[in-house]
Amino acid sequence: MQQLQADFRDPRCAEPVDFAEHDAPDQLVHILEERGFAVVRVAEPGPPDAKVTSLAAALRLGNPYIPALYRYAETKDYSAAYSDIRSDTKDRHPGFSTTTGQAWHVDGLLDDIGDIRTTILYCVRAAHRGGDTLLFNSLAAFAELRETDPAAAEALLDPKALSRRSTLPDIDVSNTGPVFAVDEAGNLATRYTDNDTCTWNFSVGPPGGLHRALAFLRAASDNPRYRLAVRLAPGEALIFRNDRLSHGRHPYKDRPNARRHLVRALYANVPTRGQEG
Ligand SMILES: [Fe+2]
């Protein structure tokens, strides 16, 4: 997996690809394999949802995926294929509608590891100040831990290592699973989250392993090799592998009547091009 060698200090990392270029989809697929994310500028006119739809079509992502948490009667207000992320004091969603920072997480709290493989965040309007999206190459950090402290890495693979519970009002649901997983081909997937949805099961794996693993990942998430802040300009989208990166957000400030506005869509598929799709 190329992403295990990625170095987020490379200044080319956040350079946007121009979606108008004829080979933009190929470039994006290549970059996503290399780093787990890509920034793309979509200059064509049109409503935000249509831009996300053309990106998804070019990358053969299929239709947006509705996370398991939003399939309940109590949460159906959040079940749109294209979610508007902007501050709203009347809304109680802890992530979408506030201007606070967001700690490391993967999208899809109730979904199993690897189920939601791609996230697109399209920027309609940037914040007045702050609001960068943070990316953490948790997969590469895990690969490093596997080399240096295999017992700690083993604890992260335990199917009972991490429970995540909804923090939405009125709905008490959770899902337990591993923090990282390896498939038959040796490919890794991540569910690394470190926020108020998490309950860690320190009894799994070799004694002390999960404590050491968490300390390692928390330090690694501050290492500029693995961590990057991306500030999207209006008309730009961030596409990332939700099964291979963890993400978060800096807090932000809005100007009155000019709220930061992102549109988010999730996909079960991986971006692909060519004949294999
Ligand atoms: Fe998220």
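First, a word on what this report is: a plain description of the structure on this page.

Reading the values: rules and limits
In every chain, residue numbers begin from 1 and rise along the written sequence. This being a predicted model, a pLDDT of at least 70 is required before a residue's local features are given, and a value of 80 or more before pairs of side-chain atoms are given or counted; all residues contribute to the totals for chains, interfaces and linings. With hydrogens and water set aside, each side-chain value is computed from the structure's full complement of heavy atoms. Only DSSP runs of H or I reaching four residues or more are called helices, and only runs of E reaching two or more are called strands; each is numbered from the N terminus. Note on method: radius of gyration uses C-alpha positions; expected globular size equals 2.2 Å times residues raised to 0.38. Exposure categories follow from relative accessible area, calculated using a 1.4 Å probe and restricted to protein chains: below 20% of the type maximum is buried, above 50% is exposed, and the middle band is partly exposed. Put simply, the grid is 1 Å and covers the protein atoms alone, a cavity is a trapped set of points that fit a 1.4 Å probe, a pocket is an open set with protein on both sides within 12 Å along at least five of seven lines, and lining residues have an atom within 4 Å of a point. Grid points are joined across faces, edges and corners, and a volume is the space filled by probe spheres set on the points. Under this grouping Gly is polar, as are all residues other than the nonpolar Ala, Val, Leu, Ile, Met, Phe, Trp, Tyr, Cys and Pro and the charged Asp, Glu, Lys and Arg. Coordination shells were defined by N, O and S atoms within 2.8 Å of each metal, extended to 3.2 Å for Na, K and Ca; water is absent from the atom set, which can make sites look incomplete. The convention used is that axes are lines fitted to C-alpha atoms, helices contributing only their stretch in contact, and that angles between N-to-C directions extend from 0 to 180 degrees. Angle categories are assigned with fixed cut-offs, so that under 35 degrees is roughly parallel, over 145 is roughly antiparallel, 65 to 115 is roughly perpendicular, and the rest are oblique. Should the near helix be turned anticlockwise from the far one by less than a right angle, the crossing is termed left-handed; should it be turned clockwise, right-handed. Residue contacts are counted whenever heavy atoms from the two residues lie within 4.5 Å of one another. The salt bridge criterion pairs a side-chain nitrogen of Lys or Arg with a carboxyl oxygen of Asp or Glu, the two atoms within 4 Å.

For the protein, the count of helices and strands is five helices and 17 strands. Relative to the compact-globule value of 19 Å for 277 residues, the protein shows a C-alpha radius of gyration of 18 Å, a close match. If one aligns the C-alpha atoms of the protein with their principal axes, the spans along those axes are about 55 × 45 × 35 Å. Buried residues in the protein amount to 49% of all 277 residues.

Looking now at the layout of surface pockets. Space inside the largest pocket adds up to approximately 620 Å³. Forming the walls of the largest pocket are 33 residues, and the residues nearest its centre are His93, Pro94, Gly95, Gln102 and His105. When contributions to the lining of the largest pocket are tallied by element, the ones reaching two or more residues are strand S4 (102–105), strand S15 (246–249) and strand S17 (261–267). Class assignment for the residues of the lining of the largest pocket results in 13 nonpolar, 14 polar and six charged.

Glancing now at the coordination of the iron ion. The protein atoms donating to the iron ion are His105 (NE2), Asp107 (OD) and His247 (NE2), with metal-donor distances spanning 2.2 Å. All donor residues of the iron ion come from one chain, and their arrangement in sequence is H-x1-D-x139-H. With Asp107 in the loop between S4 and strand S5 (118–125) and His247 in strand S15, this residue pair connects regions lying 140 residues apart in the sequence.

The next subject is the packing of helix H3 (residues 138–148) against helix H5 (residues 209–220). Between H3 and H5, the shortest axis-to-axis distance is 10 Å and the interhelical angle comes to 135 degrees. When the axes of H3 and H5 are compared, the pair comes out oblique. Two packed elements cross with a definite hand, and for H3 against H5 that hand is right-handed. Across the interface between the two elements, Ala141, Phe142, Glu144 and Leu145 from H3 touch Ala213, Phe216, Leu217 and Ala220 from H5. By residue class, the composition of the contact of H3 with H5 is seven nonpolar, no polar and one charged.

Here we take up the pattern of salt bridges. According to the stated counting rule, one finds 15 salt bridges in the structure shown. Two residues, Arg212 and Asp149, come together in a salt bridge whose shortest N-O distance is 2.6 Å. Note that Arg212 is positioned in helix H5 and Asp149 in the loop between H3 and helix H4 (150–156), a separation of 63 residues in sequence. By relative accessible area, which is 37% here, Arg212 ends up partly exposed. For Asp149, a relative accessible area of 17% gives the class buried.

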